[in-house]
Amino acid sequence: MKILQIILCLLILTLFFDFIYIPGFNKTLKWVCLFANTCMYVYSFRFKDTLSRLIHLFCTLVLLSCINTSIFHGQIFYYSIYVSYFALGLLSYFFIQKIQPDLQDCLKALASFSIIFCLCYIFQWIVYPTKFFMGAMDEFSIGETYFRMRMSCSICAYYLIFYGIYLLLSKKTLGGILFFSLGFTPAIIMGFRSLMFLTVIFILLMLVEYLRKNLFRLILGLIISAIAIEIILQVPLVQEKIDDMMVRQERDENFSNSDYVRYISLDYYYNNVHSVPTDPVVGSGIPFLDANNPYTAIFKNGYSYNLYWNDLGIIGLALLLGFPAIILLSYILLRYSLQCRNKELLTLKYTILTVFVGSIFTSQELFRSGNFVVLGLMLYIYYKYQNNENRNYYVS
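Remember, it's a predicted structure, so these values are computed and weren't measured experimentally.

Engineer: Explain the overall build of the protein chain to me, please; I cannot follow it from the model alone.
Structural biologist: Of regular secondary structure, the protein chain possesses 19 helices and zero strands. Its C-alpha atoms give the protein chain a radius of gyration of 21 Å, near enough to 21 Å, the size a compact globule of 396 residues would have. Here the protein chain, with 396 residues, has 55% of them falling under the buried criterion. Across the protein chain, contacts joining residues at least 24 apart in sequence account for 77% of those joining residues at least 6 apart. When the accessible surface of the protein chain is totalled, it reaches about 18200 Å², and 65% of it is carbon and sulfur. Each charge class in the protein chain can be summarised by its mean position, and for the 29 positive and 23 negative side chains these summaries are 13 Å apart.

Engineer: What am I meant to see in helix α7 (residues 103-127) here?
Structural biologist: One full turn of an α-helix is made of 3.6 residues, so residues set three or four places apart face in the same direction. Over its 25 residues, α7 runs 36 Å from end to end, which matches the ideal 36 Å to within 8%, given 1.5 Å per residue. Two or three places before Gln-104, at the opening of α7, Asp-102 has a side-chain oxygen 3.2 Å from that residue's backbone nitrogen.

Engineer: So what exactly am I meant to see when it comes to the side chain of Lys-30 here?
Structural biologist: Topologically, Lys-30 is positioned in helix α3 (residues 25-43). Despite being buried, Lys-30 has no salt bridge partner; Asp-18 is the closest side chain of opposite charge, sitting 6.2 Å away. Every residue in contact with Lys-30, bar those within four places of it in the chain, is listed here: Leu-15, Tyr-82 and Tyr-85.

Engineer: So what exactly am I meant to see when it comes to the nonpolar core here?
Structural biologist: Looking at soluble globular proteins, one finds that nonpolar side chains tend to be buried together. Ranked by size, the top nonpolar core spans 140 residues in total, and within it Tyr-269, Trp-309 and Leu-366 carry the most contacts. It is helix α8 (residues 155-170) that contributes the most residues to this core, 13 residues altogether. With residues up to four places along the chain from it excluded, the contact list for Tyr-269 reads Phe-299, Gly-302, Tyr-303, Leu-307, Tyr-308, Trp-309, Leu-312 and Leu-319.

Engineer: Would you mind showing me how to read the pattern of salt bridges here?
Structural biologist: Counted according to the given criterion, the structure contains two salt bridges. Two residues, Glu-209 and Lys-349, come together in a salt bridge whose shortest N-O distance is 3.0 Å. Here Glu-209, found in helix α10 (residues 193-211), pairs with Lys-349, found in helix α18 (residues 346-358); they are 140 residues apart in sequence, far enough to count as distant. The exposure class of Glu-209 is buried, given its relative accessible area of 13%. Under the relative-accessibility criterion, Lys-349 is labelled buried at 6%. Notably, a salt bridge pairs Arg-368 with Glu-365, separated by 2.5 Å at the nearest N-O pair. With respect to burial, Arg-368 and Glu-365 carry one shared label: buried.

Engineer: Got a minute to help me understand the environment of Ile-115 in this structure?
Structural biologist: With respect to the element layout, Ile-115 can be found in helix α7. The exposure class assigned to Ile-115 is partly exposed, which follows from its relative accessible area of 22%. As for Ile-115 and Tyr-159, which are separated by 44 residues in sequence, their C-alpha atoms are 9.8 Å apart. In contact with Ile-115, other than residues within four places in its own chain, are Leu-160, Phe-179 and Leu-182.

Cut-offs and rules
- Residues numbered from 1 in each chain as written.
- Predicted model: local features only at pLDDT ≥ 70, side-chain atom pairs only at ≥ 80, totals over all residues.
- Heavy atoms only, no water.
- Helix = DSSP H or I, 4+ residues; strand = E, 2+ residues; numbered from the N terminus.
- Rg over C-alpha atoms; globule rule 2.2 N^0.38 Å.
- Buried < 20%, exposed > 50% of the residue type's maximum accessible area, 1.4 Å probe, protein only.
- Contact = heavy atoms within 4.5 Å.
- Areas by Shrake-Rupley, 256 points an atom, 1.4 Å probe, with all protein chains shown as cover.
- Lys, Arg positive; Asp, Glu negative; His and termini not counted.
- Charge placed at Lys NZ, Arg CZ, Asp CG, Glu CD.
- Expected span 1.5 Å × (residues − 1).
- Polar contact = N/O pair within 3.5 Å; in protein donor to acceptor, adjacent residues only side chain to side chain.
- Salt bridge = Lys/Arg side-chain N within 4 Å of Asp/Glu carboxyl O.
- Core = buried A, V, L, I, M, F, W, Y, C linked by side-chain atoms within 4.5 Å.

So, in structure tokens, the structure goes:
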């Protein structure tokens with residue numbers, strides 16, 4: 001029962017992966033969830049553990065950026081809250097804490113939710129141009145000759161990849177191949193060069209960490225991985241996406257090119273969005289593009305030249321939410337993912353590392369819509385694991 005409660009909670013907080021097929025559904029549900037988040041933010045003061053306080057502090061810094069935007073940049077406060085909804089997704093940690101599931105319930109719910117995401121992504125890919133999810137409306141990532149749809153909760157695809165690898169290592173079941181394939185399909189369709197490269201690297205590191213005490217199995221695992229990669233590269237869809245990545249690489253869409261669009265974007269936003277002394281501290285705020293004021297005009301002008309702040313990854317987010325908020329977020333994610341040595345939680349560790357490293361300056365996967373909600377569940381899993389460890393320590 002609690003597994004279903006968690007899944008339903010995640011679906012609601014992620015707006016059912018930004019479902020838009022029913023007119024008005026997404027916007028109405030978003031305002032309802034903002035009200036629920038406000039109530040949970042106030043309620044969360046009662047939680048005294050370290051992780052709860054860190055998450056609460058991060059959400060407080062997000063709200064301060066909204067206040068700063070309203071006071072100094074002329075953006076109406078509730079508009080600022082509305083467009084900052086994605087950043088308040090970590091409040092899902094408190095919703096799940098209210099449900100009080102055990103560790104295994106959380107792990108099963110996360111796997112199930114990730115499967116639902118991948119099925120929805122593949123469904124949208126198949127039925128396009130009929131649009132069920134907001135990601136399908138992005139004309140920048142979808143065109144006549146290419147389909148690289150970004151979709152809410154994309155972190156689930158990477159989790160399912162590592163979860164499939166874990167099942168192959170721990171249970172030696174072919175079900176692991178199914179989960180890996182299900183997660184890999186959306187990931188390769190999205191076509192992120194850096195994230196696909198990092199996924200391969202962190203899969204290998206996961207193999208090393210899981211099998212480090214068994215040299216024979218480690219060597220065998222690396223050999224099988226090399227064979228598996230070669231087989232995967234022969235799949236027509238994968239070949240098509242790899243060719244597309246190579247074309248973009250040959251067009252100098254990389255960091256070795258001084259005219260690389262991300263360098264231009266960084267220069268543009270760094271020199272334009274911060275206009276008052278409080279901006280670097282609490283952030284200039286997420287822009288509400290439907291508003292008509294000088295602050296949003298900066299972003300609209302940048303977008304007209306294909307300069308997007310979110311393409312700057314965590315660095316771009318730091319400009320809008322403030323550097324202290326991003327330092328705190330990085331500390332939370334890295335501290336709780338790196339310190340856990342449980343083999344069952346390696347899937348979480350390497351999922352977080354993949355999207356975190358891949359989002360430093362190349363994409364917004366870490367903070368894409370819905371991903372903070374999923375990260376809230378992942379952080380709760382670490383919280384439950386630590387509690388179980390401490391309880392076992394004192395009992396022994």
